[in-house]
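# Notes for the structure review
One letter stands for each residue in the lines below.
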Amino acid sequence: MGSLTFLKKYKNTCILLLLCTASRWASAGVPADTLALTLEQAVATALKNSYEIEIAKNNVDANTILNNYGVAGGLPTVSLNASNTEQITQVNQKLNTGVEISRNAAAGNNTQANLAVGMLLYNGKRVVATKKRLAELQYQSSEVLNSQIQNTIALVMTSYYDVVRQLSYINTIRTSIVASEKRLEILRVRKEAGMANNADIFQAEIDLNTLNQTLLNQQMVAQVAKTELLRTLTLDPKSAVTIKDTITVDNNMQLAAVIDRLASNADIKAADHQIQINELIVRETAALRYPTVRFNAAYNFSRNQTAAGLTLLNRVAGPQAGLSLAVPIYNGSAFKRQKQAAEIDAKTAELQKNTLMRDYSASAVKMYQTYQSSIEQLENQKKNYALSKQLLDLTLQRFELIQATIIDVREAQRSFEEAGYRLINLNYAAKAAEIELKRLSNTLQ
């Protein structure tokens, strides 16, 4: 139930977070139509707006309402029936006393009223099994809600960090553009001194224009990522979003801990409840073959009045009570076959749970392999990135002193861009694997 607590927490704080954001807009000079999002605010917004979570909550509410002994058939039933009939009849009677009665268009009235109470006393414990099944359905729908909450959080976090990744690409490209502008500036100074030709300048301008085009393309990709994030948050996809964040990876994830916590995954718990539900259906169908005993009581009122005939008025009123017994003897073996089919469904539910455990275990191992590999490469890649930046700066200095060629500068730029892309991708891959591992182990917060 941790995810439910998480949902309530964020629902209660979402308005405060948005008010704080609005305050920061005013103080920082950010336009009022720009949404500055932190990860916490993004998650809170998604939990508040998600249609999928709302649907899952409605299912929980519906199953909670249905989890009742009355729905299971274990409570008394009370019914009131009444009727009033007016009639016109032709009466023709001959009595053994010799009296003859003949009347056309004789008016008549018949009034009936009945207050009946019924109580099930025994039906092979079918009511008990049904009530337990309704409870299991309620618990299962709660786990489905927990699963949807975890899935929503994971989706928001992944989308959010994808935006951070795309924006990081932009920063790398801009750094490379600065280097290209510096190279072009140096070449122009050399040309004025008669130490460079137009070919070098043209090539530098082409390289700069290519990088500017790459920047525009990357800005488009980042905007698409923001639009996808807004869709996940159920916000206007045309909204302007500002995100300033970095990707920080939890380096302490352990595979054994994740595998041990798979049983607490909401999907696995929901599968466990499905097994219980199907086993209770077996008990319900088995109970159909047992006798049913009911207690019945009623208060009856009857009034019959005619304008002609032997009996002009007949009025009867009074209570009655009794027991009824229904014993199923033969119905074409339908109950037996229903029970056999229910037993197969119970075995199928268990197999489905085992399949889910198998798939989640394999997914956890694969995600951990990705996570571990990314973590191991990150430190080296951070060093490579720092070295490539130093190399780029040094090469530009040497180029300014005519100790390096244009090719050297372009190669240093290429190394810097590739190192930046690899570092960003490794960081994102490690974070995405971490998020998935926490989702599988039901520990996303």
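These remarks concern the structure in this document. Along each chain, residue indices are assigned from 1 in the same order as the chain's sequence is written. It should be noted that, the model being predicted, local features are given only for residues of pLDDT at least 70 and side-chain atom pairs only at 80 or more, the latter also being counted only at that level, while totals for whole chains, interfaces and linings use all residues. Hydrogens and water are ignored here; the side-chain numbers use all heavy atoms of the structure.

### Topic: the sheet that holds strand β6 (residues 313–326)
Ordered in space as β2-β3-β5-β6, the four strands form an open sheet in which the pairing is antiparallel. With one partner strand each, in any of the chains shown, β2 (77–94) and β6 form the two edges of the open sheet. Adjacent strand axes in the sheet meet at a mean angle of 20°, parallel and antiparallel pairs treated alike. Think of it this way: DSSP has to see at least two bridges between two strands before they count as a pair. Under the scheme used here, helices are H or I runs from DSSP no shorter than 4 residues and strands are E runs no shorter than 2 residues, and both carry numbers assigned from the N terminus. Two strands pair when backbone bridges link them, and strand β3 (residues 100–122) and strand β5 (residues 292–306) are joined in this way by 14 bridges, in the antiparallel orientation. Looking at the pairing, N110 lines up with N304 of β5. Between the N-to-C directions of two axes lies an angle of 0 to 180 degrees, each axis being a line fitted to C-alpha atoms and, for a helix, fitted only over the stretch in contact.

### Here we look at helix α10 (residues 406–440)
Expected helix span is given by 1.5 Å per residue-to-residue step, counting one fewer step than there are residues. Counted at 1.5 Å a residue, the expected span for α10 with its 35 residues is 51 Å, and the 51 Å between its end C-alpha atoms agrees. Just beyond α10, the residue with positive phi is N442, at close to 60°.

### As for the layout of surface pockets
Here a cavity is any set of points on a 1 Å grid over the protein atoms alone where a 1.4 Å probe fits but cannot get out, and a pocket is any open set with protein on both sides within 12 Å along at least 5 of 7 lines; a residue lines the site when it has an atom within 4 Å of a point. Grid points are joined across faces, edges and corners, and a volume is the space filled by probe spheres set on the points. Taken as a whole, the largest pocket spans an internal volume of roughly 290 Å³. What lines the largest pocket is a set of 14 residues, among which V164, S168, N171, D245 and T246 lie closest to the centre. Within the residue set of the lining of the largest pocket, elements represented by two or more residues are α5 (126–192) and α10. A per-element tally of the lining of the largest pocket places α5 first, with five residues. Class assignment of the residues belonging to the lining of the largest pocket gives a composition of seven nonpolar, five polar and two charged. Classification convention: Asp, Glu, Lys, Arg as charged; Ala, Val, Leu, Ile, Met, Phe, Trp, Tyr, Cys, Pro as nonpolar; all other residues, Gly among them, as polar.

### Notes on the side chain of Q413
On the secondary structure map, Q413 appears in helix α10. Within polar-contact distance, the side chain of Q413 engages the side chain of R183 at 3.4 Å. Whenever two N or O atoms come within 3.5 Å, that pair is a polar contact, provided that in protein one can donate a hydrogen and the other can accept it, and provided that, for residues adjacent in sequence, both atoms are side-chain atoms.

### Comments concerning the nonpolar core
Residue types Ala, Val, Leu, Ile, Met, Phe, Trp, Tyr and Cys, when buried and joined through side-chain atoms within 4.5 Å, form a set referred to as a nonpolar core. Using a 1.4 Å probe on the protein chains alone, a residue whose accessible area is under 20% of its type maximum counts as buried, one over 50% counts as exposed, and one in between counts as partly exposed. Of all hydrophobic cores here, the largest spans 70 residues; its most connected members are L37, M157, Y160, Y161, I243 and Y371. Of all the elements in the fold, those that place two or more residues in this core are α2 (39–49), α3 (51–66), α5, α6 (198–232), α9 (334–400) and α10. The greatest single-element share of this core, amounting to 18 residues, is contributed by α5. Excluding anything up to four places from it in sequence, Y160 contacts L37, T38, L39, A42, L229, I243 and D245. What makes two residues a contact is simply this: any of their non-hydrogen atoms within 4.5 Å.

### Comments concerning the packing of aromatic side chains
Classification of ring pairs rests on two measures: the distance between centres of Phe, Tyr or Trp rings, Trp counted by its six-membered ring, which must be within 6.5 Å, and the angle between planes, read as stacked under 30 degrees, edge-to-face over 60 and tilted in between. Scanning the model with the defined rule gives four aromatic pairs in all. A ring pair is formed by Y160 and Y161, whose centres lie 5.6 Å apart and whose planes are at 85°; its orientation type is edge-to-face. We note that Y160, like Y161, is buried. Over the ring of F399 we find R190; its NZ or CZ atom is 4.2 Å from the centre of that ring. Whether a charge sits over a ring depends on NZ of Lys or CZ of Arg being within 6 Å of the ring centre and within 35 degrees of the ring normal. The positively charged end of R439 is found above the aromatic ring belonging to Y360, 5.9 Å away from the centroid.

### Considering the pairing of β3
Looking at chain direction, β2 and β3 are connected through 17 bridges and run antiparallel. Its bridge partner being in β3, N81 is matched across the sheet by N114.

### So, empty space enclosed by the protein
On inspection of all chains with the given rule, the structure shows one cavity of 30 Å³ or more. Of the voids in this model, the largest cavity is the one considered here, and its volume is about 40 Å³. Forming the boundary of the largest cavity are S147, Q150, N151, N265, A266, D267, R439 and N442. When residues in the lining of the largest cavity are grouped by element, the largest group, three residues, is from α5. Looking at side-chain class alone, the lining of the largest cavity contains one nonpolar, five polar and two charged residues.

### Looking at the pattern of salt bridges
Here a salt bridge means any side-chain nitrogen of Lys or Arg lying within 4 Å of a carboxyl oxygen belonging to Asp or Glu. Taken as a whole and judged by the stated rule, the model has 20 salt bridges. For R165, the salt bridge goes to D162, with nearest N and O atoms at 2.6 Å. Of the two residues, R165 and D162 both sit in helix α5, three residues apart, roughly one turn of that helix. Overall, D162 belongs to the buried group, its relative accessible area being 17%. With its nearest N and O atoms 2.7 Å apart, the salt bridge here joins K339 to E343. Separated by four residues within a single helix, K339 and E343 lie in helix α9, roughly one turn from each other. Since its relative accessible area comes to 23%, K339 is described here as partly exposed. Residue classification places E343 among the partly exposed positions, given a relative accessible area of 32%. Each of the salt bridges in this network shares a partner with another, and the network as a whole consists of D250, K431, E434 and K438.

### Some details on a nonpolar patch on the surface
Patches in this entry comprise residues that are over 30% relatively accessible and not in a salt bridge; like charges within 9 Å are linked, as are nonpolar side chains (Val, Leu, Ile, Met, Phe, Trp, Tyr) within 5 Å. Note on areas: Shrake-Rupley with a 1.4 Å probe; residue coverage comes only from the protein chains shown. Taken together, the side chains of V78, L80, L115, V117 and Y299 make up a nonpolar region of the molecular surface, amounting to roughly 490 Å² of accessible area. Taken together, the elements giving at least two residues each to the nonpolar patch come down to β2 and β3. Residue position: L80 is located in strand β2. In this structure L80 comes out as exposed when scored by relative accessible area, which is 65%.

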